[in-house]
Amino acid sequence: MKVQGSEAIIKCLIQEGVDTIYGYPGGAIMPVYDSLYNYQDQINHVLVRHEQGATHAAQGYARSSGKVGIAIATSGPGATNLVTGIADAQIDSTPLICLTGQVASHLLGSDAFQETDIIGISTPITKWNYQITKASEIPEILAKAFYIAKSGRPGPVLIDITKDAQFELMDYKYLKHQKLRSYIPEPVPEKNLISKAAALINSSKKPFIVFGQGVILAHAEDDFKKFIEKSGIPSAWTILGLSALETDHPLNVGMVGMHGNYGPNVLTNECDLLIAIGMRFDDRVTGNLNHYAKQAKVIHLEIDRSEINKNVIADIPILGNIKATLPLLSEKIVKKTHHNWIEKFKELNAIEYEKVIQKDLYPKKEKITMGEVINEINNATKGDAIIVTDVGQHQMVACRYSKFNTSKSNITSGGLGTMGFALPAAIGAKMGAPEREVIAIIGDGGFQMTIQELGTIFQTGVAVKIVVLNNEFLGMVRQWQQLFFDKRYASTEMVNPDFVTIAKGYSIDADRVSERKDLKHSIQKMKDSTKPYFLEVMVEKEENVFPMIPTGESVSNIRLN
C-alpha cells in the first residue's frame, strides 16, 4: 500500500494504540497535520497553547495511564520549546515520544528558515533520538522509538522528520519491535545475589526500605506490598515513589529527603540495612553522601545498570525488573516483625507532629496555611484523587500531607523541578484517567509560567480542578533567602494579576478564598463540580516548609524549625 510518509506516521501511531497526542502545528510538520485530518475519529489531537505544554501534558497522560505520551511540534522554535519537557521526562523516567518536523533534507545545515539541530540539542536529554530523511525509514524507526521509550527504564525519544520525507510516497508495512540487537532493557537477575540479599534481610535487626517510582513503573505495587508485609520492614518513599503504597499502610513511615519526615531521615543513619527499591539516591534524598547510611549494609534493586554504585555503593546490587526480582526475594525471606524498631519511627513522628504537622494542618494563626488546604482536599477526596503538583513550597507540602489509596495518584516534576509543569500535566493526567478526579496544586509563580494552557482547558472542556496557593512570593526561594541570605528578598515578591478574572475569561468557573471559614465549603464546591474549576487560596505570605535538611548537611541534621 503506497502512502505518503506523513500518513505512515499516523498509521504507525494508531497501530501502537495511540489515542491522544498533544501538539502545535507549523510549516515543517504541516504534512503530518494534513494527514491527521483524515484520522480525527481515531486520534484525538489536543491543541496546546505552547509546545512546552505539549510535553508536560504528554507526561501527565503517560504517568496517569501507564502508556507512552506523544507530543508533536514543528521545526526550529517549535522543537526547541519541547526541550524542557523532554529533559523533565528523561530524569523522571517518563515514556514519551516527541515528533518534530524539520526542513527539507537538501536544506539541512544551511541555516534555512526555522532550522535547528534538534538532534544535537536533544541528544543529552533523550533515551534515543533519530532524524528521518527518507519515508521508507518511518515504520522501522517509529517501532523502535516505541520499544525504547517504554521498555526497561522508560524515557523520552525524539524523532525528527524532514519535510520531504513526509511528502514522499512509500510502501507501508508496520511491525512492532519485541527486541533490539545489543539493547538489553531488563538485565537477568543473579540468583546468588538474591540469596545473599535474603540472608542479609533475615539477619537484620533494624532494616529500612526506601522505595521510588520504579515500583510504579514496573507495575509491582502488589509485589512490593507482599514483600514489606512478609519482612515487616518500615518503608519510606521518595516523592516519585509516593502512592505506590497507600499512605495509611502501617509500614509506610513517610517521606525521605530535604523536606521529608523527621523519623525516616534521622533513622536512615541508624538502620543496619538499607534496601533501596526502584530509586536512584538523588541528592535531595541523601543529603551529604559522606554522612549517608555509612553504618548500614546496602541492597539496591534497580533496572538501570548505570544507577548502581553511582552515588551510594551497594553491598548487594540486584539488577533486573523489580516485578521479577521482588517475588524472588520474597520467597527467600522469613516472616518477621520489627516492633521495637518501628516504635522508634513512631516516637520521632510524634515529635514532628507536635513541632510541625499539628501547626501546619490545624493552625491557630489568622492566615490560612498550605497544609490545611491540603488537609481539606484530603477530606473532600478521601484519598482517591490524582494530585498533580508544580514545583516549590506547595509541592513539598502537598507531597507531605496528601493522602493516597491508589497508585499513579501523585504526579509531579521530581528530578528537574520544572515550574510550570502542573497545569498542562494535569490536563494530560485527566485525559489519561478520565474516570478519576484530577486536582492540580500550583503556586502563584509556577501557574504564570504556563497560564496560557487555560486556553487548552477552555477549548477541550477537560474537567481539571486547579488550586493556586497564592502567597505572593516565589515561596521556596524566599524561604532560602530568609534562612540563609539574611532575609534579603531579592526578586522573589510577586505582584500578581486577578487570577479569578483571568480564569473566568476562559469560561472556567472560579472562586477565591481568603478566610478560613470559607475554605471547606469552597473546596467541596470545587470537588462537586463536573466542569473545569479554578480555586485561588490566599495563604500566609511568609510560611516556611519544615522539616528541612540544609544543603550539604547530613540527613541526621534535619531541622524542625
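Notes on the structure follow. (Residues numbered from 1 in each chain as written. Predicted model: local features only at pLDDT ≥ 70, side-chain atom pairs only at ≥ 80, totals over all residues. Heavy atoms only, no water.)

Right, let's talk about the pattern of salt bridges for a bit. Any two side chains of opposite charge can pair, on the condition that their charged atoms come close. Summed over the entire model, instances satisfying the criterion amount to 22 salt bridges. With its nearest N and O atoms 2.8 Å apart, the salt bridge here joins glutamate 352 to arginine 400. One end of the pair, glutamate 352, is in helix H15 (residues 339-361); the other, arginine 400, is in helix H17 (residues 393-401), and 48 residues separate them in sequence. Classification of glutamate 352 by relative accessible area gives buried; the value is 0%. (Salt bridge = Lys/Arg side-chain N within 4 Å of Asp/Glu carboxyl O. Helix = DSSP H or I, 4+ residues; strand = E, 2+ residues; numbered from the N terminus. Buried < 20%, exposed > 50% of the residue type's maximum accessible area, 1.4 Å probe, protein only.)

On to the packing of aromatic side chains, then. Summed over the entire model, instances satisfying the criterion amount to 11 aromatic pairs. On the basis of an interplanar angle of 90 degrees and a centroid distance of 5.8 Å, the ring pair of tyrosine 147 and tyrosine 183 is categorised as edge-to-face. With a gap of 36 residues between them, tyrosine 147 in helix H7 (residues 138-150) and tyrosine 183 in the loop between strand E8 (169-171) and helix H9 (191-203) connect regions that are remote in the sequence. Exposure remark for tyrosine 147: the relative accessible area of 12% places this residue in the buried category. Taken together, the aromatic side chains of Phe208, Trp341 and Phe345 make up a single cluster linked through ring pairs. Over the face of the ring belonging to tyrosine 172 we find lysine 11, whose NZ or CZ atom lies 6.0 Å from the ring centre. (Phe/Tyr/Trp six-rings, centres within 6.5 Å; stacked < 30°, edge-to-face > 60°. Lys NZ or Arg CZ within 6 Å of the ring centre and 35° of its normal.)

The computed volume of the second largest pocket comes to approximately 640 Å³. Taken together, 28 residues line the second largest pocket, and the ones lying closest to its centre are Asn252, Asn261, Asn349, Ile357 and Lys403. Those elements giving two or more residues to the lining of the second largest pocket turn out to be strand E11 (252-255), helix H12 (262-268), H15, helix H16 (370-381) and H17. Among the residues forming the lining of the second largest pocket, the class breakdown is 12 nonpolar, 11 polar and five charged. (1 Å grid on protein atoms, 1.4 Å probe; cavity = no way out; pocket = protein on both sides within 12 Å on 5 of 7 lines; lining within 4 Å. Points joined across faces, edges and corners; volume = space filled by probe spheres on them. Nonpolar A, V, L, I, M, F, W, Y, C, P; charged D, E, K, R; others polar.)

Glancing now at the packing of H16 against helix H23 (residues 519-528). Two numbers describe how H16 lies on H23: the axes approach to 10 Å, and their chain directions differ by 50 degrees. Comparing their axes, H23 and H16 come out oblique. Two packed elements cross with a definite hand, and for H16 against H23 that hand is right-handed. Facing Glu372, Val373, Glu376, Ile377, Ala380 and Thr381 of H16, the residues of H23 in contact are Leu519, Lys520, Ile523, Gln524 and Lys527. Taken together, the residues of the contact of H16 with H23 sort by class into five nonpolar, two polar and four charged. (Axes fitted to C-alpha atoms, helices over the stretch in contact; angles between N-to-C directions. Parallel < 35°, antiparallel > 145°, perpendicular 65-115°, else oblique. Left-handed = near helix turned anticlockwise from the far one by under 90°. Contact = heavy atoms within 4.5 Å.)

A word on unusual backbone geometry. With an omega dihedral of 0 degrees, the bond running from phenylalanine 546 to proline 547 counts as a cis peptide bond. If you trace the backbone, proline 547 turns up in the segment after strand E20 (533-538). Of note in this structure, lysine 382 is not a glycine but carries a positive phi near 60 degrees. For lysine 382, the location among the structural elements is in the loop between H16 and strand E15 (386-389). Overall, lysine 382 belongs to the exposed group, its relative accessible area being 60%. The phi dihedral of lysine 408 is positive, around 60 degrees, even though this residue is not glycine. Inspection of the secondary structure assignment puts lysine 408 in the loop between H17 and strand E16 (410-412).

The strands that make up a sheet are held in pairs by hydrogen bonds between backbone atoms, and each pair lies either parallel or antiparallel. Within the open sheet, the six strands sit side by side as E16-E15-E17-E18-E20-E19. Their pairing is parallel. Each of the sheet's edge strands pairs with one partner strand only, and the pair in question is E16 and strand E19 (509-513). The sheet shows a mean angle of 15 degrees between the axes of neighbouring strands, taken without regard to direction. One ladder, built from five bridges, connects E19 with E20; its direction is parallel. Within the sheet, the bridge partner assigned to aspartate 511 lies in E20 and is leucine 535. In the packing of H17 onto the sheet, contacts are made with E15, E16, strand E17 (438-443) and strand E18 (465-470), and the angle to E17 comes to roughly 140 degrees. Relative to E17, helix H18 (residues 422-432) is tilted by about 175 degrees, and along the sheet it contacts E15, E16, E17 and E18. (Pairing = 2+ DSSP bridges.)

What follows concerns the nonpolar core. Ranked by internal contacts, the top residues of the largest apolar core, which has 94 residues, are Phe208, Leu274, Ile277 and Val373. At seven residues, the largest contribution of residues to this core is made by H15. Not counting chain neighbours up to four residues away, the residues in contact with valine 373 comprise Ile368, Val467, Leu469, Leu519, Ile523, Val537 and Val539. In terms of nonpolar packing, the next biggest core, distinct from the first, is built from 49 residues, Ala87, Cys98, Ala422 and Val462 among them. (Core = buried A, V, L, I, M, F, W, Y, C linked by side-chain atoms within 4.5 Å.)

Spatially, the six strands line up as an open sheet ordered E3-E2-E4-E5-E7-E6, and their pairing is parallel. The sheet is open, and its two edges are formed by strand E3 (44-47) and strand E6 (128-132), each paired on a single side. Sheet twist, expressed as the mean angle between neighbouring strand axes with direction ignored, is 20 degrees. In the sheet, strand E2 (residues 20-23) pairs with strand E4 (residues 69-73) via two bridges, with the strands oriented parallel. Bridge assignment links glycine 23 to a residue of E4, and that residue is isoleucine 72. In the packing of helix H3 (residues 51-65) onto the sheet, the strands contacted are E2, E4 and strand E5 (96-102), and the crossing angle to E4 comes to about 170 degrees. Strands E5 and strand E7 (156-162) of the sheet are contacted by helix H5 (residues 83-91), whose axis makes an angle of about 145 degrees with E7.

With that settled, the discussion passes to the side chain of serine 151. For serine 151, the position within the fold is in the loop between H7 and E7. In this structure the side chain of serine 151 is engaged in a polar contact, spanning 2.6 Å, whose partner is the backbone oxygen of tyrosine 147. A distance of 2.7 Å separates the side chain of serine 151 from the side chain of tyrosine 183, its partner in a polar contact. (Polar contact = N/O pair within 3.5 Å; in protein donor to acceptor, adjacent residues only side chain to side chain.)

Before going further, it helps to spend a moment on the state of the cysteines. If you walk through the whole model with that rule in mind, you get zero disulfides. Of the cysteine sulfurs around cysteine 12, a residue in no disulfide, the closest is that of cysteine 98, at 17 Å. (Disulfide = S-S within 2.5 Å.)

Listing the buried residues of helix H21 (residues 475-484) in full gives Gly475, Met476, Arg478, Gln479 and Gln481. Immediately downstream of H21, the backbone of aspartate 486 shows phi near 55 degrees, a positive value.

With that out of the way, let us pick up the pairing of E2. Burial of E2 is two-sided: the residues Thr20 and Tyr22 facing one way and the residues Ile21 and Gly23 facing the other way are all buried. Across four bridges, E2 lies against E3 in parallel orientation. Each bridged residue has a counterpart across the sheet, and for isoleucine 21 the counterpart in E3 is histidine 45.

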